[in-house]
Amino acid sequence: MPELPEVETVRRGLNQFTCHQKIVGADVLLHRTIAYPHAVNDFVTGIQGKAIATWHRRGKYLLAELVSPVSHPNTFKSFLVVHLRMTGQLLWLHRQKPLHKHARVRLFFDNEQELRFVDQRTFGQMWWVPPSSAPATIVAGLAKLAADPFSQEFTVDYLAQKLQTSRRPIKTALLDQSVVAGLGNIYADEALFLSGIQPATPCTHLQRQQIERLQKAIVEVLTTGIEAGGTTFSNFLNVKGINGNYGGMAWVYNRAGKTCRVCGHTIERIRLAGRSSHFCTQCQQ
Ligand SMILES: [Zn+2]
């Protein structure tokens, strides 16, 4: 599943290729990809003829600010919101490029260019948020989202306050988008390794010093992931269809049975709330 670094990598690619370009048309191949408006025609009419001003990211959501090419002072912006979920990919390509069988939505631009949404598992979603509405009133997940790890709001106090009453294992809490926005299985395992915390530790047992290390580690692993252009794991691709580089440098994720890069002990795997967690029994207490 794409996590914050992968979604940020996609956002940067989208800003590079689609900004100030006009959406001239759209073809929705799988209707249930469109979460809002309920009528697919309203989605197509909403985005058609609009230019993309810029792409933002909130947690794992991508938000394109859409403007009318001749902007009127009283015209508010509308938004195209995308969530890639498990397997969604946004690819910037030539319209003549053969259609992959998992293509779900096609957004057409000038010069025969296209932004194609490909999604094997079909959990990915798109919303068009009309000018009269705030994105969080239409996209329920946005309203529940915690602070972004790269925002000023994401401090040690903030994280401590989010964790202080939870008896869940810390790993499970880190996957909750209302605790931290943008973390998934890969970077949660990596952040716990860097902060020396065993993933099954109940949140209420964490010392202040551990939370301080964890807050720093979350920002650090996500920064490293973005610098690597996203992960090699799963089927992540950037908008030009290229895989990231993070996998080769992972500390513990997907390394069960291999030796710890720090102490040489064997990396273990356990299951917590149905998800695999990888950790070093020596480095993480
Ligand atoms: Zn170790």
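Residues numbered from 1 in each chain as written. Predicted model: local features only at pLDDT ≥ 70, side-chain atom pairs only at ≥ 80, totals over all residues. Heavy atoms only, no water.

Now for the pattern of salt bridges. One pass over the structure, following the stated rule, counts 11 salt bridges. Taking the shortest distance from any N to any O, the salt bridge between R11 and E8 comes out at 2.9 Å. Here the residue R11 and the residue E8 both occupy positions in helix 1 (residues 4-18), the gap between them amounting to three residues, near one helical turn. Each member of the pair, R11 together with E8, is buried. (Salt bridge = Lys/Arg side-chain N within 4 Å of Asp/Glu carboxyl O. Helix = DSSP H or I, 4+ residues; strand = E, 2+ residues; numbered from the N terminus. Buried < 20%, exposed > 50% of the residue type's maximum accessible area, 1.4 Å probe, protein only.)

Within helix 2 (residues 40-47) the residues assigned to the buried category are V40, F43, V44, G46 and I47. Down the axis of helix 2, the sector holding all buried residues measures 160°, keeping them to one side. The exposed set on the far side of helix 2, more than 90 degrees from its buried face, consists of N41 and T45. Against the buried residues of helix 2 lie strand 1 (23-28), strand 2 (34-36), strand 4 (61-67), strand 5 (78-83), strand 7 (103-109) and strand 9 (125-129). Positive backbone phi, at 85°, marks G49, one or two positions downstream of helix 2. (Arc of directions from axis to C-beta. Contact = heavy atoms within 4.5 Å.)

With that settled, the discussion passes to the packing of aromatic side chains. What the rule picks out here adds up to five aromatic pairs. Between Y61 and W127 the ring centres are 6.0 Å apart and the planes differ by 50°, which places this aromatic pair in the tilted class. Of this pair, Y61 sits in strand 4 while W127 is found in strand 9, placing the two residues 66 residues apart along the sequence. Relative accessible area serves as the criterion here: at 6%, Y61 is assigned to the buried category. Taking relative accessible area as the criterion, W127 reaches 6% and is therefore assigned buried. For the pair F193 and W251, a centre-to-centre distance of 5.4 Å together with 20° between the ring planes defines the contact as stacked. Here F193, found in helix 7 (residues 185-194), pairs with W251, found in the loop between helix 8 (208-227) and strand 10 (267-272); they are 58 residues apart in sequence, far enough to count as distant. For F193, a relative accessible area of 6% puts it in the buried group. Between the NZ or CZ atom of K240 and the centre of the ring of F17, over which it lies, the distance is 4.9 Å. (Phe/Tyr/Trp six-rings, centres within 6.5 Å; stacked < 30°, edge-to-face > 60°. Lys NZ or Arg CZ within 6 Å of the ring centre and 35° of its normal.)

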